[in-house]
Amino acid sequence: MLKISNVSKGFNGKLVLEDLSLELEPDETIVILGPSGCGKTTLLNMISGMEKPDAGHIEFNELTVDSPSTQIAFILQDFGLLPWKTVLNNVALGLKIKGVAKKERTEIARRQLKDLGLQGREKDYPPVLSGGEKQRVAIARAYASDPKLLLMDEPFSSLDAITRENLQDTLLSTWKTTSVPYLLVTHSVEEAVFLGKRILLLSGSPSRITGVFLNEDFGRPDFRQTDAYFRLIRTIRKQMGESW
Amino acid sequence: MKQIKKILIPYSLTICIFYFLWKALALALTREVLPHPEDAVGAFILSLATMDFWGHFVASGFRALMAMVIAWVLAFPLGIAMGASRRVDALISPFVFMTYPVPKVVLLPVILMIFGLGDLSKILIISLILGYQVLVAVRDGVRGVHPQYLNSIRSLGANRFQLFLEGYIPAALPHGFTALRLNSGVSIAVLFFVESFATLTGLGYLIMDAWGRMDFDQMFVGILGMSLLGVVLNESANILEKIVCPWFLQQRK
Ligand SMILES: Nc1ncnc2c1ncn2[C@@H]1O[C@H](COP(=O)(O)OP(=O)(O)OP(=O)(O)O)[C@@H](O)[C@H]1O
Ligand SMILES: [Mg+2]
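The structure displayed is predicted, hence computed values, not measured ones.

**A look at the interface of chain A and chain B**
Counting residues at the interface gives 25 residues for chain A, matched by 20 residues for chain B. Summing both sides of the interface, chain A and chain B together bury roughly 2,000 Å²; the carbon and sulfur share of this comes to 65%. When the buried surface of chain A facing chain B is broken down by residue, Trp 84, Ile 97 and Tyr 125 of chain A rank first, second and third, together holding 35% of it. If you look at where chain A meets chain B, you find two salt bridges. For the pair chain A and chain B, the interface holds six residue pairs in polar contact (both at pLDDT 80 or more).

Below is the structure:
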């Protein structure tokens, strides 16, 4: 459904991403691992339509992506919740922009917040929330406008280990019920292995895809305790040591 | 209730301290230059029952309020446009920053010649002074909005109009209100100045007229009246800010 063909992008004459191709299937999840500054955010910006590639082509459901649309939800690095809107209005914002009537969008936003265990916080403003709560609001907002693809830029990187694993579980179970495919960017190998059906390594200067790992046991119950989980982590670490 | 307490306590404390200082000064200046605070306040309270006082108060209040409204209506949108668009900013900001240090009050004769001696000129000069402050505060405020917030709105598919509605405008509001509030004192000062000539209404006139007649009690009625007007304007801007920018309330907790 998402098709990226031979995309290159640079800033101020310096190439950041070179000749990158990748396809995402409707029932899939992809996690991209890469060092800081390798162009992960840049790639997501282009997929979301916020930036244009210098060369190459991005297609979503057979249509060229050239501007942001409500089909693709984007959870930004550092949340991107608006401090001047209540939690409820933040979640409903995508629907408001889409033109959904107030009563309906409020109802959807309330339900979405409830699903993520945030009922009772509707009237709060983001600055008083904890990091984990903010992130759950951001997830609620992403799902509220019923997207066909979810992009996430290091969504859990500023959280403590426990909150982080809880939210990873939340994300995975949400994926299982909604089956909205996602493309997630992270620095953490553990997170990549837990959340990615396919894991891509992005590195080099300019960056290319330097490794592809199929995660056959992805989504199994208690996956974090299995040998397969640790084996894949070790394999990826080894490859990273060679290519970074 | 809590809100009222928060306003009342500092005010009553200020009034107490002010009373003692005034009393001490009045005792020191033995001549009839400075009336004792209870005489002045007594005269003020008595005048509160007269239509005459309220006529002046409303005339001054109207001028100050109109000036604030005009300043806001012109400067707020322009400040947002300058903050949001580099092109608009490049066009307008050289002019704004070159004229910024000019004390606008000296333009009063020019305004008087163009718009006459009436209320319009009095209002416009205050608008000009206030408008500059609002313009610069809003422009800088909008420039300082974290790009992540704007990206987040854009990523939801917002068009340019929606980006202003959900992003730039709410981000700019507190800056505009703060400028308005901080400069309400300046507008009262200028109001006093422009009411001291070519008018028979307003608290400024009341003060100057009483002074000329050496009627010091009446003069202090005018002075206290202007102070009251200052407080009312400042608190209205404050309350309006709290209503329009509720997120500021929770953040400050
Ligand atoms: N708008 C821009 N203008 C100029 N350079 C940019 C811009 N956006 C990104 N870059 C540059 O492109 C490179 C990749 O940036 P990007 O934000 O995509 O990295 P990243 O992989 O997301 O890093 P991190 O893991 O630290 O978030 C960096 O060197 C950055 O300086
Ligand atoms: Mg990044």
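**Here we look at the domain arrangement of chain A**
All names here are of chain A. Segmenting chain A into domains produces domain 1 (2-71 + 147-243) and domain 2 (82-146). On a C-alpha basis, the centres of domain 1 and domain 2 stand 25 Å from each other. Across the contact, 15 residues belong to domain 1 and 12 residues belong to domain 2. Of the roughly 1,100 Å² buried where domain 1 meets domain 2, counting both sides, 72% is carbon and sulfur surface. On the domain 1 side of the contact with domain 2, Thr 70, Pro 147 and Leu 167 bury the most area, a combined 41% of that side's loss. Counting across the domain 1 and domain 2 interface gives one salt bridge. Run the count over domain 1 and domain 2 and you get two residue pairs in polar contact (both at pLDDT 80 or more). At seven residues, helix α5 (residues 161-178) tops the list of elements feeding residues into the side of domain 1 that touches domain 2.

**Looking at the sheet that holds strand β9 (residues 198-203) of chain A**
All names here are of chain A. Taking strand neighbours across the sheet as the criterion, the six strands line up as β6-β7-β8-β3-β9-β10 in an open arrangement whose pairing is mixed. Looking at strand neighbours, the two that pair on one side only are β6 (72-75) and β10 (208-214), the edges of this open sheet. On average, each strand axis in the sheet is tilted by 20° relative to the strand beside it, whichever way the strands run. Relative to the sheet, helix α1 (residues 40-48) contacts β3 (29-33), β6, β7 (149-153), β8 (182-186) and β9, its axis offset from that of β7 by approximately 155°. Lying on the sheet, helix α4 (residues 131-144) is in contact with β6 and β7; it crosses β6 at an angle near 170°.

**Description of the environment of Thr 170 of chain A**
Inspection of the secondary structure assignment puts Thr 170 of chain A in helix α5. Taking C-alpha positions, Thr 170 of chain A is 7.8 Å from Leu 116 of chain A, a pair spaced 54 residues apart along the chain.

**Regarding the site of ligand 1**
Residues and elements named next belong to chain A. Looking at ligand 1, there are 14 residues lining it, with Ser 36, Gly 37, Lys 40, Thr 41 and Thr 42 nearest. In this structure, an oxygen atom belonging to ligand 1 sits 3.2 Å away from a main-chain N or O atom of Cys 38. The contact in question runs from an oxygen atom of ligand 1 to an N or O atom on the side chain of Lys 40, over 2.7 Å. Here ligand 1 loses 61% of its free accessible area of 630 Å² to cover by the protein chains. Examining the composition of the shell around ligand 1, we find that three residues originate from one element, α1, more than from any other. Here the residues of the shell around ligand 1 sort into four nonpolar, eight polar and two charged.

**Focus: the sheet that holds strand β1 (residues 2-11) of chain A**
Residue and element names in this part refer to chain A. Spatially, four strands are ordered β2-β1-β4-β5 in an open sheet, and the strand pairing comes out antiparallel. The sheet terminates laterally at β2 (14-24) and β5 (63-64), the two strands that pair on one side only. Examined bridge by bridge, β1 and β2 share seven bridges and lie antiparallel to one another. Residue pairing across strands places Gly 10 opposite Leu 15, the latter belonging to β2. Its contacts with the sheet put α1 on β1, β2 and β4 (55-60), and the angle it makes with β1 is roughly 125°.

**Examining helix α9 (residues 184-194) of chain B**
Residues and elements named next belong to chain B. Buried within α9 we find Ser 184, Ser 187, Ile 188, Val 190, Leu 191 and Val 194. Down the axis of α9, the buried set is contained in an arc of 165°. They therefore lie on one face. Those residues of α9 that are buried are in contact with α3 (51-84), α5 (108-115), α6 (119-143), α8 (160-182) and α11 (216-244).

**Concerning the confidence of the model for chain B**
All names here are of chain B. Taken residue by residue, chain B gives an average pLDDT of 90. The fraction at 70 or more is 97%. Predicted confidence in chain B is weakest over helix α12 (residues 246-252), with a mean pLDDT of 74, and strongest over α3, with 95. Interface confidence for the predicted complex, given as ipTM, is 0.83, next to a pTM of 0.83.

**Overview of the packing of aromatic side chains**
Geometry of an aromatic ring pair is reported as the spacing of the ring centres plus the angle between the planes. All names here are of chain B. In the structure shown here, the tally under the stated rule is 18 aromatic pairs over all chains. Positioned above the aromatic ring of Tyr 132 is the side chain of Lys 104, whose terminal nitrogen or guanidinium carbon lies 4.3 Å from the ring centre. The cationic tip of Lys 122 hangs over the ring face of Phe 197; the distance from NZ or CZ to the ring centre is 5.0 Å.

**A look at the pairing of β3 of chain A**
Residues and elements named next belong to chain A. Where burial is concerned, most of β3 is hidden: five out of the five residues are buried. By the alternation rule, side chains of β3 split into Thr 29, Val 31 and Leu 33 and Ile 30 and Ile 32, which are all buried. Two elements, β3 and β8, share five bridges in a ladder whose sense is parallel. Counted as the bridge partner of Thr 29 is Tyr 182 from β8.

Calculation notes
Residues numbered from 1 in each chain as written. Chains lettered and ligands numbered in written order. Predicted model: local features only at pLDDT ≥ 70, side-chain atom pairs only at ≥ 80, totals over all residues. Heavy atoms only, no water. Contact = heavy atoms within 4.5 Å. Buried area = accessible area lost by both parts, 1.4 Å probe. Salt bridge = Lys/Arg side-chain N within 4 Å of Asp/Glu carboxyl O. Polar contact = N/O pair within 3.5 Å; in protein donor to acceptor, adjacent residues only side chain to side chain. Domains from an automatic or database assignment. Helix = DSSP H or I, 4+ residues; strand = E, 2+ residues; numbered from the N terminus. Pairing = 2+ DSSP bridges. Axes fitted to C-alpha atoms, helices over the stretch in contact; angles between N-to-C directions. Near = heavy atom within 4 Å. Areas by Shrake-Rupley, 256 points an atom, 1.4 Å probe, with all protein chains shown as cover. Nonpolar A, V, L, I, M, F, W, Y, C, P; charged D, E, K, R; others polar. Buried < 20%, exposed > 50% of the residue type's maximum accessible area, 1.4 Å probe, protein only. Arc of directions from axis to C-beta. pLDDT = per-residue confidence, 0-100. Phe/Tyr/Trp six-rings, centres within 6.5 Å; stacked < 30°, edge-to-face > 60°. Lys NZ or Arg CZ within 6 Å of the ring centre and 35° of its normal.

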